[in-house]
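# A closer look at the structure
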Amino acid sequence: MKFGILGAMPEEVALMARSMTVHHTVEAGMRTFYVGEWVGQEVVLVLSRVGKVSAAVTTMLLLERFGVDHVIFTGVAGGIHPSLRVGDVVIGDRLVQHDMDASPLPAFERFEIPLLGKVFFESDREILSRAVAAAKRYTTEFFPQDVSAESRAAFGIDTPAVYDGLIASGDQFLADPEVTAELRASLPGLLCGEMEGAAVAQVCYEMGNVPATVIRVISDQADHSAAVDFLRFVNEVAEYLTGGIVRELLAG
Ligand code: ADE
């Protein structure tokens, strides 16, 4: 297996970038691809930058130029389901593009990708269950050593819970509680919102159903305090959870 691993922000890929063995780097599409190994697996790590187009271009390059056969996206997300707390982990079992809406045209329903006929992109079941197990292993065995009790208390994190379920992506930082509530009502079972995952899932689907895994850690509640909470979490905690869970997934 050759894994393509991407994250949207430098902090989200920092631990992986420090820990992997880089054999060489390749510049393509205004990005640097780090080709090498990590925990015994062949990997290509890259910073995608933020948003669906950035994630789609990067995923396409990973597939076409680097020949990866599995794609892992990791990063933070805004919690939308009321049970989610900062630090909790969500692995996508389905992904949807919440800003896609061609429904004024009678042929299409809201969220449907026109002419592809899809609303939801389903994740590969086997890798999904491996990712859930990896997240549980990291959060219980390693996270308490990697992040001090004081830091965890400052973020109100005890042991992060791990969920699998619906993730929504759109080119929008969700910080208006009314917008978040409307999405919660329109997409039953929705757990969290972010800005890339469903674009990765669509590219992998269109390129022959290449298995893709989206692993998200909740940094904020997609409300008025989202921007402040997000920045603090990304600066201080995110890399341990994002990198640690991917490490356990590759190792397991
Ligand atoms: N990623 C982390 N928090 C987010 C939010 N509130 N909206 C969109 N993407 C996010």
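Going by the structure above, here's the rest.
My aim in this report is to walk through the structure given alongside it, one point at a time. (Residues numbered from 1 in each chain as written. Predicted model: local features only at pLDDT ≥ 70, side-chain atom pairs only at ≥ 80, totals over all residues. Heavy atoms only, no water.)

## Here's the deal with the overall build of the protein chain
The following threshold applies: Put simply, DSSP H or I for four residues or longer makes a helix, DSSP E for two residues or longer makes a strand, and each gets a number counted from the N terminus. Contact definition: two residues touch when any of their heavy atoms are within 4.5 Å.
Within the protein chain, the regular secondary structure consists of eight helices and 10 strands. Projected onto its principal axes, the C-alpha coordinates of the protein chain cover approximately 50 × 45 × 30 Å. Sequence separation of at least 24 residues holds for 76% of the intrachain contacts in the protein chain that already meet a minimum separation of 6.

## Quick word on the packing of helix α3 (residues 125-146) against helix α8 (residues 238-251)
Put simply, the test is: Lines fitted to C-alpha atoms define the axes, with helix axes restricted to the stretch in contact, and inter-axis angles between N-to-C directions lie between 0 and 180 degrees. Our angle categories are set so that under 35 degrees counts as roughly parallel, over 145 as roughly antiparallel, 65 to 115 as roughly perpendicular, and the remainder as oblique. Note on convention: near helix rotated counterclockwise from far helix by under a right angle means a left-handed crossing. Clockwise means right-handed. Residues were grouped as follows: Ala, Val, Leu, Ile, Met, Phe, Trp, Tyr, Cys and Pro as nonpolar; Asp, Glu, Lys and Arg as charged; and all remaining residues, including Gly, as polar.
The geometry of α3 relative to α8 is characterised by a closest axis approach of 8 Å and an angle of 125 degrees between their N-to-C directions. In terms of orientation, α3 lies oblique with respect to α8. Judged by the sense of rotation from one axis to the other, the crossing of α3 with α8 is right-handed. The segment α3 lies against α8, with Ile 127, Arg 130, Ala 131, Ala 134, Ala 135, Arg 137, Tyr 138, Thr 139, Phe 142, Phe 143 and Asp 146 engaging Tyr 240, Leu 241, Gly 244, Ile 245, Arg 247, Glu 248 and Leu 249. Taken together, the residues that form the contact of α3 with α8 break down as 11 nonpolar, two polar and five charged.

## Observations concerning the pairing of strand β1 (residues 2-7)
This is how the line gets drawn: Exposure is judged per residue with a 1.4 Å probe applied to protein chains only, and the accessible area is read against the type maximum: over 50% gives exposed, under 20% gives buried, and values in between give partly exposed. Any two strands are treated as partners once DSSP identifies two or more bridges connecting them.
For β1, the tally of buried residues reaches five of six residues, placing the bulk of the element in the interior. Note that β1 and strand β4 (residues 41-47) share six bridges and pair parallel. Counterpart to Leu 6 in the pairing with β4 is Val 46. Where β1 and strand β5 (residues 70-79) come together, four bridges link them in parallel fashion. Bridged to Gly 4 within β5 is Val 71.

## Quick word on the site of the ligand
To be explicit about the condition: Residue proximity to a molecule or strand is established when one non-hydrogen atom of the residue lies within 4 Å of it. Polar contacts, as counted here, are pairs of nitrogen or oxygen atoms within 3.5 Å of one another; within protein the pair requires one atom able to donate a hydrogen and one able to accept it, and residues that are adjacent in sequence qualify only if both atoms are side-chain atoms. Only the protein chains shown count as covering a residue, and every accessible area follows the Shrake-Rupley method with a 1.4 Å probe.
Taken together, 13 residues form the shell around the ligand, and within it Ala 77, Gly 78, Phe 173, Leu 174 and Asp 220 come nearest. Between the ligand and Gly 78 there is a distance of 3.2 Å, counted from a nitrogen atom to a backbone nitrogen or oxygen. Against a free-state accessible area of 260 Å², the protein chains account for coverage of 97% of the ligand. Broken down by secondary-structure element, the contributors of at least two residues to the shell around the ligand are β5, β9 (190-194) and β10 (212-220). For the shell around the ligand, the element with the highest residue contribution is β5, accounting for three residues. Partitioning the shell around the ligand into residue classes produces seven nonpolar, four polar and two charged.

## Quick notes on unusual backbone geometry
For Arg 49, which is not glycine, the phi dihedral falls at a positive 75 degrees. Topologically, Arg 49 is positioned in the loop between β4 and α2 (52-64). In this structure, Asn 209 takes a positive phi of about 55 degrees despite not being glycine. In this fold, Asn 209 is placed in the loop between α6 (197-206) and β10.

None of this, on its own, says anything about what the molecule does.
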